[in-house]
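Below are the chains, spelled out letter by letter.
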Amino acid sequence: MERRVLDVAEGRRYLYKKRGSLAVVCDQGTPEASETLVPFDEIESVIVHTPQASYSNGAMLELARRGIPLVCCDETHTPAAWLWPVQGNFEQGRRMMAQVALHDELRDDLWADIVRAKLEAQAAVVRGEGFSDDVLLEFARAVLPGDRGNVEAQAARLYWKLLFDERFRRRRFGDEPNGLLNYGYAILRATVARQLCAAGLHPSLGLHHHNRFNPFCLADDLMEPFRPVVDSAVITLWQSGCEGVTAKAKSVLVAVMSESVWTERGTAPLSRCIEWTAQSLAQSVVEGKNLLCLPKGTVLVG
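Sequence order sets the numbering: in each chain, residues are counted from 1 along the sequence as written. Thresholds applied to this predicted model are a pLDDT of at least 70 for local features of residues and 80 or more for the giving and counting of side-chain atom pairs; totals over whole chains, interfaces and linings are not thresholded and use all residues. In computing side-chain values, all of the structure's heavy atoms are included and hydrogens and water are not.

### Quick notes on the sheet that holds strand E7 (residues 70-73)
Where we set the bar: Two strands qualify as a pair provided DSSP detects at least 2 bridges between them. Numbering of helices and strands runs from the N terminus, with a helix taken as a DSSP run of H or I at least four residues long and a strand as a DSSP run of E at least two residues long. All axes here are fitted lines through C-alpha atoms, helices being fitted over the stretch that makes contact, and every angle between N-to-C directions spans 0 to 180 degrees. By definition in these notes, contact holds between two residues if any of their heavy atoms fall within 4.5 Å.
Reading across from one edge, E1-E5-E7-E8 is the order of the four strands in this open sheet, with mixed pairing throughout. If you trace the sheet from one side to the other, it starts and ends with strand E1 (4-8) and strand E8 (79-83), each paired once. Neighbour-to-neighbour, the strand axes of the sheet open up by a mean angle of 20°, direction not taken into account. Both E1 and strand E5 (residues 43-48) contribute to a ladder of five bridges, which runs parallel. Its bridge partner lying in E5, Asp7 is registered against Ile47. Sheet contacts for helix H6 (residues 178-198): E1, E5, E7 and E8; angle to E5, the most-contacted strand, approximately 135°.

Given below as structure tokens:
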């Protein structure tokens, strides 16, 4: 059974544990109050947007015990706080020690592969919109270990200009469709963080991203090749006239994690593909060599 993202969008909501399920009470304390039960086994992550949500300690403990991220978002649909379990994979101590000791050469090699895969996926998005992908593919071929030439940033300027217009700037608090992108990335980030924790890796020990105020640097690294899948969904919404994070937009972006992707193991949902990528990263860290398995950009957004 594929897990699903539980989105708590608006209104007064109370979340508590009820037997083997997460109970979500809507409009608590009013005549219109209602309750929905979602089995914990079916939950990939819980994304909360409404400032009127509250939680029982039992619900939070059960989410942590099962490794299910609880993500609290701000008004721009950007994650502002996370619940991350202290206990995780049975090998996490050994794997975290290996993360700390990761040598720079391997770190740079892994990051180059991640950037290259991201640029190839961006090229597929651009090609799907009727533009030439030659320059982005050339950028992908030019990536050096550690992306020392900062090719990723150079490609981003061209990428966003082609997809939207000259005035668009990809910013957390920018104009739409930044809100749509923020929401889609929040879901993606939660999925990646969950799979990293399940693989016994510490999400704050990044390969490239380093920020003492960011507890999910590694999640921000590993989500990069998958961002173009969200971009593609946002473009479709934007072109259909959707200019904000509506209920329809949320359902479309949540469904991205269930989209089928072709991999060497066969066709699988994107969330499962992310799981395999996280496991291959953990194997790379422990064995000290690049064993990272990333899907081809053409099959992610082909």
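After that view of the structure, there is still more to cover.
### Some remarks on the sheet that holds strand E6 (residues 53-55)
Ordered by their spatial adjacency, four strands build an open sheet running E4-E3-E2-E6, and the pairing between neighbours is mixed. Looking at strand neighbours, the two that pair on one side only are strand E4 (34-39) and E6, the edges of this open sheet. For this sheet the average axis-to-axis angle between neighbouring strands, irrespective of direction, equals 25°. When strand E2 (residues 13-18) meets E6, the two strands line up parallel, connected through three bridges. Bridged to Tyr14 within E6 is Ser54. Taken strand by strand, helix H1 (residues 57-65) contacts E2, strand E3 (21-26) and E6, and its axis lies near 65° from that of E2.

### A closer look at the pattern of salt bridges
Definition in use: Any Lys or Arg side-chain nitrogen found within 4 Å of a carboxyl oxygen on Asp or Glu counts as a salt bridge.
Within the structure shown, the criterion is met by 18 salt bridges. Among the salt bridges present, the one from Glu224 reaches Arg227, with a minimum N-O distance of 3.2 Å. Through salt bridges with shared partners, one network takes in Lys17, Asp41, Glu62, Arg65 and Arg66.

### Looking at the packing of helix H3 (residues 104-128) against helix H8 (residues 227-239)
Inclusion rule: What sets the label is the angle itself: under 35 degrees gives roughly parallel, over 145 gives roughly antiparallel, 65 to 115 gives roughly perpendicular, and the rest give oblique. In this scheme the crossing of two helices becomes right-handed for a clockwise turn of the near helix relative to the far one and left-handed for an anticlockwise turn of less than a right angle. Three classes are used: nonpolar for Ala, Val, Leu, Ile, Met, Phe, Trp, Tyr, Cys and Pro, charged for Asp, Glu, Lys and Arg, and polar for all others, with Gly counted as polar.
With their axes 9 Å apart at the nearest point, H3 and H8 run at an angle of 20° to one another. Compared by their axis directions, H3 and H8 come out roughly parallel. Where H3 crosses over H8, the two elements pack in a sense that is right-handed. Across the interface between the two elements, Lys118, Ala121, Gln122 and Val125 from H3 touch Arg227, Pro228, Ser232 and Ile235 from H8. Grouping the amino acids of the contact of H3 with H8 by side-chain chemistry returns four nonpolar, two polar and two charged.

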